[in-house]
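Observations on the model geometry
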Amino acid sequence: MDRIDLRSDTVTWPTPEMREAMATADVGDDVFGEDPTVNRLEAEAARRLGKEAGMFVASGTMGNLTSILAHCERGDEVILGDKAHTYLFEAGGIAALGGVHPFTLPTQPDGTLALDAIRRAFRSSDAHFPRTRLIALENTHNMAGGVVLPKAYIDEVGALAHERGVALHIDGARIFNAATALNCDPAELVAAADSVTFCLSKGLCAPVGSVVVGSRAFIERARRVRKLAGGGMRQAGILAAAGLIALEQMTQRLDEDHANARLLAEGLAEMPQIEVDLTRVQTNMVFFGLREEAGMTADELAERLQAHNIFIMSRDERTIRAVTHYWIRPEHIIQTLAALEKELA
Ligand SMILES: Cc1ncc(COP(=O)(O)O)c(C=O)c1O
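Conventions adopted
Residues numbered from 1 in each chain as written. Predicted model: local features only at pLDDT ≥ 70, side-chain atom pairs only at ≥ 80, totals over all residues. Heavy atoms only, no water. Helix = DSSP H or I, 4+ residues; strand = E, 2+ residues; numbered from the N terminus. Expected span 1.5 Å × (residues − 1). Buried < 20%, exposed > 50% of the residue type's maximum accessible area, 1.4 Å probe, protein only. Pairing = 2+ DSSP bridges. Phe/Tyr/Trp six-rings, centres within 6.5 Å; stacked < 30°, edge-to-face > 60°. Lys NZ or Arg CZ within 6 Å of the ring centre and 35° of its normal. Axes fitted to C-alpha atoms, helices over the stretch in contact; angles between N-to-C directions. Contact = heavy atoms within 4.5 Å.

A look at helix H3 (residues 60–71)
- Between the first and last C-alpha of H3 there are 17 Å, a value that for 12 residues agrees with the 16 Å anticipated at 1.5 Å per step.
- With respect to burial, H3 is a largely interior element, 11 of its 12 residues being buried.

Set out below in structure tokens:
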């Protein structure tokens, strides 16, 4: 029986082709800038996202941390959402390590921050206030259910930021899912951003790593922060080799994951014990709720599904998240729906 792991797209194993590429990768000392495979990955990432330069980092968290610290000095302020991954789940690193002050705005159900709220959040130059240096958006937005922020919105936020001399960073851990859902060129989608982090290790299946892209001068500053954070790696080409396959090939197939998420959501929508908003199923994530008549909590349901070798993640007592990825096929979705029907009957 296949293990059907829908907890996250971070559980993805590398593909056999990635393992082969890792075993035979050309490597060098990347802290000296001499790893040819890392250099290729960074150049290719920058090219695909329409920026001048890239930097390979160990994780999405390190990508956001190095980016934010490269934009901000101690005591500067970043405007970001109260449900942003960086705010909630990155161990407060921007404050702990960089002295950067978060100004949180309500994350709206569509993953955006209201433009008026952003306008009001800019600080004046009065000496009482921190200096507003950065706005950070997240696309796709994880806690909002994998929803997509459209290009027009990002362009508006970019224009607002730049008018005030403030930079725009995008936590694009899943930016290729966003571009796939919007059927748009990823470079165009992030054209207004000064920096972007994206992850190779989630739906793109690489075992480790993320890439930060931006201007050459920004990446130079970010490299210094990466070193400070202990993130300078040596023969990292072994990891970057898998990252290149992630970037070149796995970005081209994300619509399969989105179709599987839709298949799951549509099946769930037919179950009377479950509530799911199909309009919010835009990429590879399905958030769904258990109604009273389900007669169990999300944790209890997750435990029962484990007997079927199916793994899901409870978000709170009544809410569950399921995420599709490369290792989930349509027949796994059919099996999951059948198991859910049985357990909820
Ligand atoms: C939106 C978002 N940003 C950043 C991260 C952090 O990535 P990592 O787990 O590689 O540090 C995640 C991880 O799930 C995420 O969902």
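Quick look at the pairing of strand S10 (residues 285–290)
- Burial analysis of S10 places five of its six residues in the buried class, which makes it a mostly covered element.
- Where strand S9 (residues 274–275) and S10 come together, two bridges link them in antiparallel fashion. Bridging from a neighbouring strand, Glu 275 pairs with Gly 289 of S10.

Thoughts on the packing of aromatic side chains
- One pass over the full model with this rule turns up three aromatic pairs.
- With 5.0 Å between their ring centres and 85° between their planes, Tyr 326 and Trp 327 make a pair best called edge-to-face.
- For Tyr 326, a relative accessible area of 30% corresponds to the partly exposed category.
- Looking at Trp 327, the relative accessible area reads 26%, which means it is partly exposed.
- Grouped by ring-pair contacts, the aromatic residues Trp 13, Tyr 326 and Trp 327 constitute a single cluster.
- We note Arg 3 situated over the ring of Phe 311; from NZ or CZ to the ring centre the distance is 4.0 Å.
- If you follow Arg 234 out to its NZ or CZ, it ends over the ring of Phe 32, 5.9 Å from the centre.

Considerations on the sheet that holds S10
- Taken together, the four strands give an open sheet; going across it, the order is S9-S10-S13-S12, and neighbouring strands pair in antiparallel fashion. Each having just a single partner strand, S9 and strand S12 (313–314) make up the two edges of the open sheet.

Here we look at unusual backbone geometry
- Of the consecutive residues Asn 139 and Thr 140, the connecting peptide bond is found in the cis state with omega at -5°.
- In this fold, Thr 140 is placed in the loop between strand S5 (131–138) and helix H7 (151–163).
- Phi at Asn 183 is positive, roughly 55°, even though this residue is not glycine.
- Note that Asn 183 resides in the loop between helix H8 (175–182) and helix H9 (186–189).
- Unlike most non-glycine residues, Cys 205 shows phi in positive territory, near 75°.
- Residue placement: Cys 205 occurs in the loop between strand S7 (195–199) and strand S8 (210–214).

Brief notes about the sheet that holds strand S4 (residues 101–105)
- One open sheet holds the seven strands; their spatial order is S2-S8-S7-S6-S5-S3-S4, and the pairing between them is mixed. Strands at the two margins of the open sheet, each flanked by one partner only, are strand S2 (53–57) and S4. Taking each pair of neighbouring strands and ignoring which way they run, the sheet shows an average axis angle of 20°.
- Note: strand S6 (residues 167–171) against S7, three bridges, orientation parallel. Paired with His 169 across the bridge in S7 is Ser 195.
- Along the sheet, helix H2 (residues 36–48) makes contact with S2, S7 and S8, crossing S2 at roughly 125°.

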